[in-house]
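Listed below are the residues making up each chain.
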Amino acid sequence: MATLGNPQNTIAILKKYNFNFQKKFGQNFLIDTRVLEKIVHTAGITKHDFVLEIGPGIGTMTQYLCECARAVTAVEIDKNLIPILADTLSAYENVEIMHDDILKVDINSLIREKNQGKPVKVVANLPYYITTPIIMGLFESHVLIDSITIMVQKEVAERMQAGPGSKDYGALSLAVQYYARPEITANVPPNCFMPRPNVGSAVIRLTRHKETPVQISDEKLMFALIRASFNQRRKTLVNGLNNAAGIPYTKQQTAEALEKMGLPSNVRGETLTLQQFAQLSELLLNNS
Ligand code: SAM
C-alpha cells in the first residue's frame, strides 16, 4: 500500500472505494506530509508508546503513528471508513481499529487493557464541532494521559493558550490550563486538507501536569464559578454569580470573598487568574 499523505494517493483511495465525505463527521483529510511529520514530532512518540488516535479517516496519520509507536488504537465513527482502513493499514501489525464514537468509548478500560494502566499519548486531527467535549471528556474522566496532540481550529487553539486580559481568555483556557500546559506548534492553512475547511487550523500539544497548578477542595464548584463568570462576560463577577443557576452564594458572600482577596466588588470574572478562581472557590466554600 502506497503511503498516503499526498493528494494523488488520497484521491486514488477515495476513488477505489467510491467514498463520499460526510460533513456531519467533520471529515477533512490531511494531504500534506510536512504537517503529518510535524504532528508526529510534536507528539514525541517513541517505540515505548501506546497511542490512541481519534478519527483516523483513511489512515493517513495512522500510518505515521504505526511507524513510530509500539501500538496504536484508532477509533473511527464512520462505518464506510472501516474497510478502507483495513486496506491502507494492512502492512502494520501494531494497529487496532475500533468502529465507535469516541464519546461513548470507555477509555479508562481501554488503557488498562492496552497499556497496563500507564499514561497514553492521544493524537488526533479532530472534527471541530466536538473538540471541546472530547478534550474535556478526556481530562475530566481522569484518564491516564501523558499528552494530547491535536489539530484544531486556529481560534480554539488560541483560546486554549490565552491568559487574563486577552479577548480569547475564557472557560476553555482555564479548564485546559488547570489540567495541562498548552503549546501551539504549527499553524496549518486550509490547502493542507481535502476537502478544504473554511477556517485555519493549528497543531497544539497539551502536556498533562503531574500535579495541578492549584489545589482545590471542590473542582466542580470552581468550574461552575468559571462557567458562570464567562457566560455573562460583561457583568461584574458578583452579578454574574448571583444570576447563575446552581451557585448558592449571595451577592454579599461573593463581595466579601473578593474583599478578602484584595479585589474590588465590581471586578469582572475575565480578569481573574486560575489561582484567583481557586482562591475564590475555597473562600466561598469555607465561609458559607
Ligand atoms: N485523521 C484523519 C486525517 O488527518 O486525515 C481524518 C481527520 S478528520 C478531520 C476527522 C475524523 O474523525 C473523520 O474520519 C471522522 O469520521 C472522525 N470522527 C468524527 N466524529 C467522531 C467521533 N465522535 N468518534 C470517532 N471518530 C469521529
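Presented here is an overview of the structure given in this document. (Residues numbered from 1 in each chain as written. Predicted model: local features only at pLDDT ≥ 70, side-chain atom pairs only at ≥ 80, totals over all residues. Heavy atoms only, no water.)

## A few points about unusual backbone geometry
(1) Moving on: Cis geometry is found at the peptide bond from Met 194 to Pro 195, where omega equals -15 degrees.
(2) Moving on: Mapping Pro 195 onto the fold places it in the loop between strand 8 (193–194) and strand 9 (201–208).
(3) Moving on: At Asn 18, a residue that is not glycine, the phi angle is positive and equals roughly 50 degrees.
(4) Moving on: In the Ramachandran plot, Gln 116 falls in the positive-phi region, its phi being about 50 degrees despite a non-glycine side chain.
(5) Moving on: Owing to a relative accessible area of 56%, Gln 116 belongs among the exposed residues under this scheme. (Helix = DSSP H or I, 4+ residues; strand = E, 2+ residues; numbered from the N terminus. Buried < 20%, exposed > 50% of the residue type's maximum accessible area, 1.4 Å probe, protein only.)

## Thoughts on the packing of helix 8 (residues 171–179) against helix 9 (residues 219–231)
Relative orientation and spacing of two packed helices are given, respectively, by the angle between their axes and the distance between those axes.
(1) Moving on: The interhelical angle for the contact between helix 8 and helix 9, taken along N-to-C directions, is 155 degrees, at an axis separation of 9 Å. Looking at the two axes, helix 8 sits roughly antiparallel to helix 9. Contact residues: helix 8 offers Ala 171, Leu 174, Ala 175, Tyr 178 and Tyr 179, while helix 9 offers Glu 219, Met 222, Phe 223, Ile 226, Arg 227 and Phe 230.
(2) Moving on: Per-class residue counts for the contact of helix 8 with helix 9 are nine nonpolar, no polar and two charged. (Axes fitted to C-alpha atoms, helices over the stretch in contact; angles between N-to-C directions. Parallel < 35°, antiparallel > 145°, perpendicular 65-115°, else oblique. Contact = heavy atoms within 4.5 Å. Nonpolar A, V, L, I, M, F, W, Y, C, P; charged D, E, K, R; others polar.)

## Describing the site of the ligand
(1) Moving on: Around the ligand, a shell composed of 22 residues is seen, among which Leu 30, Gly 55, Glu 76, Asp 101 and Asn 125 lie nearest.
(2) Moving on: In the model, a nitrogen atom of the ligand is placed 2.8 Å from a nitrogen or oxygen of the Gly 55 main chain.
(3) Moving on: Side-chain polar atom of Glu 76 to an oxygen atom of the ligand: 2.6 Å apart, as the coordinates give it.
(4) Moving on: Among the elements of the structure, strand 1 (29–30) and strand 3 (71–76) are those that each provide at least two residues to the shell around the ligand.
(5) Moving on: Its residues assigned to classes, the shell around the ligand comprises 11 nonpolar, six polar and five charged. (Near = heavy atom within 4 Å. Polar contact = N/O pair within 3.5 Å; in protein donor to acceptor, adjacent residues only side chain to side chain.)

## What about the pairing of strand 2 (residues 50–54)?
(1) Moving on: Counting buried positions along strand 2 yields five of five residues, so the element is predominantly enclosed.
(2) Moving on: Neither face of strand 2 is open: one carries Phe 50, Leu 52 and Ile 54, the other Val 51 and Glu 53, and all of them are buried.
(3) Moving on: Judged from the five bridges that link them, strand 2 and strand 3 form a sheet pairing that is parallel. Within strand 3, the residue paired with Phe 50 across the bridge is Ala 71. (Pairing = 2+ DSSP bridges.)

## Considerations on the nonpolar core
(1) Moving on: Formed by 68 residues in total, the largest nonpolar core has its most connected members in Ile 150, Met 160, Leu 206, Met 222 and Leu 280.
(2) Moving on: Ranked by the residues each element gives to this core, the list is headed by helix 9, at seven residues.
(3) Moving on: Mapped onto the domain boundaries, this core takes at least three residues apiece from domain 1 (7–208) and domain 2 (219–287).
(4) Moving on: If sequence neighbours within four positions are ignored, Ile 150 has contacts with Ala 124, Leu 126, Ile 135, Met 160, Ala 202, Val 203, Ile 204 and Leu 206.
(5) Moving on: Ranked by size, the runner-up nonpolar core spans 35 residues in total, among them Met 61, Leu 65, Leu 85 and Val 188. (Core = buried A, V, L, I, M, F, W, Y, C linked by side-chain atoms within 4.5 Å. Domains from an automatic or database assignment.)

## Focus: the packing of helix 9 against helix 12 (residues 274–287)
(1) Moving on: Running from amino to carboxyl end, helix 9 crosses helix 12 at an angle of 115 degrees, the nearest separation of the two axes being 9 Å. Of the two possible hands of crossing, helix 9 and helix 12 adopt the one that is right-handed. When helix 9 is examined against helix 12, the residues Leu 221, Met 222, Leu 225, Ile 226, Ser 229 and Phe 230 are found in contact with a partner set consisting of Leu 274, Phe 277, Ala 278, Leu 280, Ser 281, Leu 284 and Leu 285. (Left-handed = near helix turned anticlockwise from the far one by under 90°.)

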